[in-house]
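Descriptive structure summary
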Amino acid sequence: QVRLVESGGGLVQAGGSLRLSCAASGRTFSYTMGWFRQAPGKEREFVAAIGWSGGSTYYADSVKGRFTISRDNAENTVYLQMNSLKPEDTAVYYCGASYLKGVSLKAEYDAWGQGTRVTVSS
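Read on for an overview of the structure. (Residues numbered from 1 in each chain as written. Predicted model: local features only at pLDDT ≥ 70, side-chain atom pairs only at ≥ 80, totals over all residues. Heavy atoms only, no water.)

The subject of this paragraph is the nonpolar core. In this structure, Leu4, Met33, Trp35, Leu80, Met82 and Tyr93 are the most contacted members of the largest nonpolar core, which totals 34 residues. Elements with a contribution of two residues or more to this core: strand S3 (18–25), strand S4 (31–38), strand S5 (45–50), strand S7 (67–72), strand S8 (77–82), strand S9 (91–99) and strand S11 (116–121). Considering every element that reaches this core, the biggest residue donor is S5, with 5 residues. In this structure Leu80 touches Leu18, Arg19, Leu20, Trp35, Val47, Ala48, Phe67, Thr68, Ile69 and Tyr93, once residues within four positions along its chain are discounted. (Core = buried A, V, L, I, M, F, W, Y, C linked by side-chain atoms within 4.5 Å. Buried < 20%, exposed > 50% of the residue type's maximum accessible area, 1.4 Å probe, protein only. Helix = DSSP H or I, 4+ residues; strand = E, 2+ residues; numbered from the N terminus. Contact = heavy atoms within 4.5 Å.)

Structure below.
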């Protein structure tokens, strides 16, 4: 069973940066790791994902060029560097783990963290 704990959220002004972390415990070998977000009144949506080796990354069009996903398998941690933040990035950000399935649908993920809140002020 994979357990995930996110951290790093907070309040930031538009144009600023934040780095989210997701610490994983349990058996994470071969898991794709992803970040999703959920704004108030909206569905949880895909943000970014990274394959086990870190060689494959995937991004939603809305964050391409601004967000970077990375992972440190030795530390069992996944990161989401968020730059040039916009008010529309305000949401609770969730880390997920997907075992041998797809990367961009929440149904493909086997485990989730509790989320970390990001608020971007204008």
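Continuing now.
Here we come to the sheet that holds S3. Reading across the sheet, the 4 strands line up as S1-S3-S8-S7 and stay open at both edges, with antiparallel pairing between neighbours. Unpaired on one side and paired on the other, strand S1 (3–7) and S7 mark the two borders of the sheet. Averaged over all adjacent pairs, the angle separating strand axes in this sheet is 15 degrees, with direction ignored. Both S7 and S8 contribute to a ladder of 6 bridges, which runs antiparallel. If you follow Phe67 over to S8, its bridge partner there is Met82. (Pairing = 2+ DSSP bridges. Axes fitted to C-alpha atoms, helices over the stretch in contact; angles between N-to-C directions.)

The next thing to look at is the state of the cysteines. Note on terminology: disulfide describes a covalent bond linking the sulfur atoms of two cysteines. In the structure shown here, the tally under the stated rule is 1 disulfide. The disulfide partner of Cys22 is Cys95, and the gap between their sulfur atoms is 2.1 Å. Here the disulfide of Cys22 and Cys95 is left-handed, its torsion about the S-S bond being about -80 degrees. Placement of Cys22 in strand S3 and of Cys95 in strand S9 is noted, with a sequence separation of 73 residues between them. With relative accessibility at 0%, the residue Cys22 sits in the buried group. Residue classification places Cys95 among the buried residues on the basis of a relative accessible area of 0%. (Disulfide = S-S within 2.5 Å.)

This brings us to the environment of Asn83. Inspection of the secondary structure puts Asn83 in the loop between S8 and S9. Here Ser17 takes part through its side chain, which lies 2.9 Å from a polar atom of the side chain of Asn83. In this structure the side chain of Asn83 is engaged in a polar contact, spanning 2.9 Å, whose partner is the side chain of Gln81. (Polar contact = N/O pair within 3.5 Å; in protein donor to acceptor, adjacent residues only side chain to side chain.)

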